[in-house]
Amino acid sequence: MIQIHFTRRFREIIPLLAAALIVGCTPLYLSDTHTTSTPRPPSFNVTELAHQQVATLGLLAPASLQGFNPPLSHALNAALWEASPPIRGIAAHETLNMLNQQGLGAQYATLIASFGRGGILEREPLQRIGSALSSRYVLLPGLAEFNQVIIDRLSISGWNIIQSRVTTLRLWLQLWDTQTGKIVWESSGEVTVPTKLLRSEQTVALDEIAQKLWLRMIQDNLLEGKTGSRFFFTS
């Protein structure tokens with residue numbers, strides 16, 4: 001009985017290992033995603049976003065995670081264009097260039113620093129920045145957490161047959177009205193992605209994960225469309 005049971009279990013494992021080897025360098029993995037947001041004000045017409053440019057401010061992140069600013073900012077801009085209807089966003093690096101060219105770099109830095117202290121974009125400097133960008137609305141993105149852990153899934157005599165990297169990403173996003181100084185809408189999202197590791201040096205495409213999470217937040221919570229709750233990725 002023991003030998004028969006072992007043989008059956010071995011036959012069940014073989015197809016799983018074979019499938020992983022066949023997929024090779026591009027394994028499919030499934031994410032679990034959760035988002036939440038404030039309701040849109042009744043006076044806010046979301047179609048306005050499709051008819052004007054919306055500037056994106058620089059991504060806010062803890063000091064240890066500042067290096068993720070470029071890929072996550074680019075991912076947000078891609079998600080804005082992928083949304084339905086698409087939102088014509090001014091990418092964060094373009095926003096900063098425009099403000100610096102108009103001599104507003106110091107004011108922008110002060111505005112962001114005050115947000116870090118009090119969690120609010122002060123109305124008067126926000127109005128000046130919105131006017132300089134010709135944007136009534138600006139998006140303020142943030143990175144709350146990025147974490148990766150390696151988990152051993154199956155081990156025989158100390159030999160790890162299957163390892164998984166579990167990636168957790170938490171983002172937040174706010175939409176501000178530069179004329180009134182009000183937060184129109186805000187959302188936060190979290191995605192957890194387990195990846196089967198076939199090579200120790202294998203990486204996870206963080207920008208791809210972030211783009212899909214940004215899109216989920218924008219499409220489902222701001223535009224009130226539907227993207228679905230789970231995504232497949234390839235690495």
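Placed above this text is the structure.
What this report covers is the structure whose coordinates are included nearby. Owing to the predicted nature of the structure, the values given are computational and were not obtained by experimental measurement. (Residues numbered from 1 in each chain as written. Predicted model: local features only at pLDDT ≥ 70, side-chain atom pairs only at ≥ 80, totals over all residues. Heavy atoms only, no water.)

**With respect to the packing of aromatic side chains**
Filter applied, for reference: The pairing test for Phe, Tyr and Trp rings, Trp by its six-membered ring, is centres within 6.5 Å, and the orientation test on the planes gives stacked under 30 degrees, edge-to-face over 60, and tilted for anything in between. Only runs of H or I of at least four residues qualify as helices and only runs of E of at least two qualify as strands under DSSP, and these elements are numbered from the N terminus.
Counting across every chain of the model gives 3 aromatic pairs. Each ring, one from Phe 68 and one from Phe 146, has its centre 4.7 Å from the other, and the planes form 55 degrees; the classification is tilted. With a gap of 78 residues between them, Phe 68 in the loop between strand E3 (54-56) and helix H2 (69-82) and Phe 146 in strand E5 (residues 137-156) connect regions that are remote in the sequence.

**Considerations on H2**
To be explicit about the condition: Between the first and last residue of a helix there are one fewer steps than residues, each counted as 1.5 Å, and that sum is the expected span. Only protein chains enter the accessibility calculation, which uses a 1.4 Å probe; a residue whose area is less than 20% of its type maximum is buried, one above 50% is exposed, and one in between is partly exposed.
In a regular helix each residue adds 1.5 Å, so 14 residues correspond to 20 Å; H2 covers 20 Å between its end C-alpha atoms and thus fits that length. Along H2, the residues classified as buried are Leu 72, Ser 73, Ala 75, Leu 76, Asn 77, Ala 79 and Leu 80.

**A short note on the environment of Gln 107**
The residue Gln 107 is located in helix H4 (residues 105-118) in this model. With 21 residues separating them in the primary sequence, Gln 107 and Arg 128 have C-alpha atoms 9.1 Å apart.

**A short note on the pattern of salt bridges**
What counts is decided by this rule: By definition, a salt bridge exists where a carboxyl oxygen of Asp or Glu is found within 4 Å of a side-chain nitrogen of Lys or Arg.
Scanning the model with the defined rule gives 5 salt bridges in all. Between Arg 136 and Asp 177 there is a salt bridge, with the nearest N and O atoms lying 2.8 Å from each other. Here the residue Arg 136 occupies a position in the loop between helix H5 (123-133) and E5, and Asp 177 occupies one in strand E6 (residues 159-177), the gap between them amounting to 41 residues. Residue class for Arg 136 comes out partly exposed when judged on its relative accessible area of 27%. Between Glu 145 and Arg 170 there is a salt bridge, with the nearest N and O atoms lying 1.8 Å from each other. A residue pair is termed long-range when its members are at least 10 positions apart, and Glu 145 in strand E5 and Arg 170 in strand E6 qualify at 25 residues. Judged by its relative accessible area of 28%, Arg 170 is partly exposed.

**Brief notes about unusual backbone geometry**
In the segment running from Ser 84 into Pro 85, the intervening peptide bond is cis, with an omega of 0 degrees. Structurally, Pro 85 is set in the loop between H2 and strand E4 (89-90). Positive phi values are uncommon outside glycine, yet Ser 134 reaches one of about 55 degrees. In this structure, Ser 134 sits in the loop between H5 and E5. Exposure remark for Ser 134: the relative accessible area of 63% places this residue in the exposed category.

What is shown is where atoms sit, not what they do.
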